[in-house]
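Chain by chain, the residues run as shown.
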Amino acid sequence: AQLTERAIELLALPQDNQPKLLLDLGCGSGLSGETLTEQGHYWTGFDISPSMLDIAKEREVEGDVCQKDLGQGLGLRPGVYDGAISISALQWLCNAETSRQQPKQRLKCLFDSLYKSLARGARAVF
């Protein structure tokens, strides 16, 4: 929870008492998402692991969670999200599971699509 709280601080969200729509990249079982919810925000979480997402669903997290390989891009509407956090997930994109996977290209795909999905002035914290 402390890492997530610090990530939220670093997002430097406007202090206007309005809930924000945030991304949790590599959301796993939804622990970071719980902190986002506790702070009054809405969130969408992506993770590659179906078993971790099953745990999030069993725990009845309030965010929307779905399975996605971040290295293939996010595929989201442009400018929708007010910020993004990722706690201990980015390093997994640097692993090549097969000879076809190129970590550099996977990272580029994620960051290109993340940039497009964020509202003007929004931040991402890893």
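Each remark here, short or long, concerns the structure printed above.
Here the structure is a predicted model, which means the values were calculated and not measured. (Residues numbered from 1 in each chain as written. Predicted model: local features only at pLDDT ≥ 70, side-chain atom pairs only at ≥ 80, totals over all residues. Heavy atoms only, no water.)

**Things to note about the packing of aromatic side chains**
Then comes step 1: Evaluation of the coordinates by the stated rule reveals one aromatic pair.
Then comes step 2: Seen in terms of ring centroids, Phe111 and Phe126 are 5.3 Å apart; in terms of plane orientation they differ by 65°. Their pairing is edge-to-face. Here Phe126 lies in the segment after strand S5 (118-125) and Phe111 lies in helix H4 (residues 103-117), a separation of 15 residues in the sequence.
Then comes step 3: Given the relative accessible area of 34%, Phe111 is considered partly exposed.
Then comes step 4: The class of Phe126 is partly exposed, set by a relative accessible area of 41%.
Then comes step 5: The positively charged end of Lys68 is found above the aromatic ring belonging to Phe46, 5.2 Å away from the centroid. (Phe/Tyr/Trp six-rings, centres within 6.5 Å; stacked < 30°, edge-to-face > 60°. Helix = DSSP H or I, 4+ residues; strand = E, 2+ residues; numbered from the N terminus. Buried < 20%, exposed > 50% of the residue type's maximum accessible area, 1.4 Å probe, protein only. Lys NZ or Arg CZ within 6 Å of the ring centre and 35° of its normal.)

**What to know about the sheet that holds strand S1 (residues 21-25)**
Then comes step 1: Read from one edge to the other, the open sheet built from five strands follows the order S3-S2-S1-S4-S5, with strand pairing classed as parallel. Strand pairing shows two members of the sheet lacking a second neighbour, strand S3 (64-67) and S5, which therefore form its edges. Going across the sheet, the axis of each strand differs from the next one's by a mean of 20°, ignoring polarity.
Then comes step 2: Strand direction decides the pairing type here: S1 and strand S4 (residues 81-85), joined by three bridges, are parallel. By the bridge assignment for S4, Leu22 is matched with Gly83.
Then comes step 3: Sheet strands in contact with H4 are S1, S4 and S5, and its direction is about 135° off that of S5. (Pairing = 2+ DSSP bridges. Axes fitted to C-alpha atoms, helices over the stretch in contact; angles between N-to-C directions. Contact = heavy atoms within 4.5 Å.)

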